[in-house]
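Here's the letter readout for the chains.
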Amino acid sequence: MANVRIDRLHKEFRSHGGVVHALKELTLDIADGEFISLVGPSGCGKSTALRIIAGLETPTSGRILFGPRDITKLEPRDRNIAMVFQSYALYPHMSVRQNLEYGLRKRGVAREERDRKVATIGAMLQIESMFERKPRQLSGGQRQRVALGRALIRDPEVFLLDEPLSNLDAKLRVHMRAELAALHQKVQTTMVYVTHDQLEAMTLSDRIVVMNHGVMQQVGRPDEIYSRPANRFVAEFIGTPSMNMIEGELRIESGKPIFTGPGMAIALPQASLHMPAAKQATLGVRPEDIALVAPDTPGAIAARVTVSELTGAERYHFVTVGGGSVIIRTPASTVLHPGENVALGLHPDRLHLFGGAGEDAAALR
């Protein structure tokens, strides 16, 4: 195992259209045994970062260290890493056993040691009964277990996973997430996981790195990323449904901060006073932090229901407030009908303020 240091990593791709900056001065410390996820939309740089760690791409500048060892210029085979791909990348003409032990054979590991390691990995991943099958005879989940086993059997310092669950159906993905989490607890190997699925990142990771346009937007524990997003992009990317964003202004009235937006005037905690009065601001509120209240409740916001969606245990209600659209999340037992008038309540301590405009607008509190 090893701690990983990514030091000012920069990657440019040149084409006829000019220069594309896939990574911009990425600096990150990953602790020994940590499970860290790189998450973001397509083209954000997360897979490029993983491929550079693996040695499959060469950085334009910057360094990668495993512990004290600078591995930036080493070939992939010399880095002591193992990688699991989205496509599984199993040898179709080999049995499961042969796929598992192939890397050990190439390294000249003795037959007795190979058999011991294959048996250990087979028991850990519950694939012993599949040893004589070919990949085409396995389900997607079984192939993914074999791919994980082939990586683990090498005892790598760093385990790299590039969207390994994206080819699985929804039910199997949930099952494999649980298996991956249990696997990490057993082996305690440093794992770097790339995904566009924020739910995978939230459920699996010790820490999450949120990326956009090649730039690290925020790094922190899943609860920190969710509860205290650093900017508007993080706030909107993390969470389903996305955080509601309401444009307006912050005013100081009688020494108290008030956010005014379409159809609302919200009293904010005193901590918001550091913002200049009448400054343009955006109020962020998650769908689960909006409550249905009685119309005569102080501070209640008038709204009208446009659409309600049943998702199973919950309902998403789309409502209009002052001409804008807001999503609220309630238990499935809360039934609202299109055209129905409702009153909404916002808890001041669960609101987020962002200054300026655009996705890079920084969190003000």
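See the structure shown above.
Now for a look at the structure at hand.

What counts and what doesn't
- Starting afresh in each chain, residues are numbered from 1 along the sequence in its written order.
- Reporting in this predicted model follows two pLDDT cut-offs: at least 70 for local features of residues, and 80 or more for side-chain atom pairs to be given and counted; totals over whole chains, interfaces and linings ignore these cut-offs and use all residues.
- Excluding hydrogens and water, the side-chain values take into account all heavy atoms of the structure.
- Comment: axis = line fitted to C-alpha atoms, over the contacting stretch for helices; angle = value between 0 and 180 degrees taken between N-to-C directions.
- Helix and strand definitions follow DSSP, with helices as H or I runs of at least four residues and strands as E runs of at least two, each counted in order from the N terminus.
- For classification purposes, an angle smaller than 35 degrees is called roughly parallel, one larger than 145 roughly antiparallel, one from 65 to 115 roughly perpendicular, and anything else oblique.
- Note: crossing handedness is left-handed where the near helix turns anticlockwise from the far helix by less than a right angle, and right-handed where it turns clockwise.
- Residue contacts are counted whenever heavy atoms from the two residues lie within 4.5 Å of one another.
- Amino acid classes used here: Ala, Val, Leu, Ile, Met, Phe, Trp, Tyr, Cys and Pro are nonpolar; Asp, Glu, Lys and Arg are charged; the rest, including Gly, are polar.
- Nonpolar core, defined: a set of buried Ala, Val, Leu, Ile, Met, Phe, Trp, Tyr and Cys residues in which side-chain atoms within 4.5 Å join the residues together.
- Three labels apply to residues, based on accessible area from a 1.4 Å probe with only protein chains included: buried if under 20% of the type maximum, exposed if over 50%, partly exposed otherwise in between.
- Any Lys or Arg side-chain nitrogen located within 4 Å of an Asp or Glu carboxyl oxygen qualifies as a salt bridge.
- Both site types are read off a 1 Å grid over the protein atoms alone. A 1.4 Å probe that fits but cannot get out defines a cavity, while an open set with protein on both sides within 12 Å along at least five of seven lines defines a pocket; lining residues have an atom within 4 Å of a point.
- Grid points are joined across faces, edges and corners, and a volume is the space filled by probe spheres set on the points.

**Side note on the packing of helix 3 (residues 111-125) against helix 4 (residues 140-152)**
Interaxial distance between helix 3 and helix 4 falls to 10 Å at its minimum, and their mutual angle equals 140°. With respect to their mutual orientation, helix 3 and helix 4 come out oblique. Judged by the twist between their axes, the crossing of helix 3 over helix 4 is right-handed. Along its contact with helix 3, which presents I121, M124 and L125, the element helix 4 presents R145, L148, G149 and L152. Class assignment of the residues belonging to the contact of helix 3 with helix 4 gives a composition of five nonpolar, one polar and one charged.

**Here's the deal with the nonpolar core**
Membership of the largest hydrophobic core comes to 32 residues, with the highest contact counts inside it found for L100, L148, F159, L161 and L180. Here this core takes five residues from helix 4, the largest share from any one element. Counting 27 residues, the second largest nonpolar core, distinct from the first, contains A2, A49, I53 and V192.

**A short note on the environment of F237**
Relative to the helices and strands, F237 is located in helix 8 (residues 232-237). Placed 196 residues apart in sequence, F237 and P41 show a C-alpha to C-alpha distance of 8.5 Å. Those residues in contact with F237 that sit more than four places away from it in its chain are V39, G40, P41, H196 and Q198.

**Considering the pattern of salt bridges**
Under the criterion given, the structure shown has 25 salt bridges. R5 is the salt-bridge partner of D29, the closest N and O atoms lying 2.7 Å from each other. Remark: R5 occurs in strand 1 (residues 4-15) and D29 occurs in strand 2 (residues 18-30); sequence separation between them is 24 residues. Owing to a relative accessible area of 27%, R5 belongs among the partly exposed residues under this scheme. Close ionic contact of E157 with R69 constitutes a salt bridge, the shortest N to O distance being 2.7 Å. Placement of E157 in the loop between helix 4 and strand 7 (158-162) and of R69 in strand 5 (residues 69-70) is noted, with a sequence separation of 88 residues between them. Bridged by salt links that share partners, the residues R5, D7, R8, D29 and R63 form one connected network.

**Notes on the layout of surface pockets**
Rolling a probe over the atoms, with the probe sized like a water molecule, indicates the empty space that remains. By volume, the largest pocket is sized at about 550 Å³. For the lining of the largest pocket, the secondary structure elements donating two or more residues are strand 6 (81-84), helix 2 (96-106) and helix 4. The leading source of residues in the lining of the largest pocket is helix 2, at four residues. Along the lines of polarity and charge, the residues of the lining of the largest pocket split into 14 nonpolar, one polar and five charged. Volume-wise, the second largest pocket comes out at about 170 Å³. Together, R116, K117, T120, I121, M124, L152, I153, D155, P156, V187 and T189 line the second largest pocket. Considering every element that reaches the lining of the second largest pocket, the biggest residue donor is helix 3, with five residues. Class assignment for the residues of the lining of the second largest pocket results in six nonpolar, two polar and three charged.

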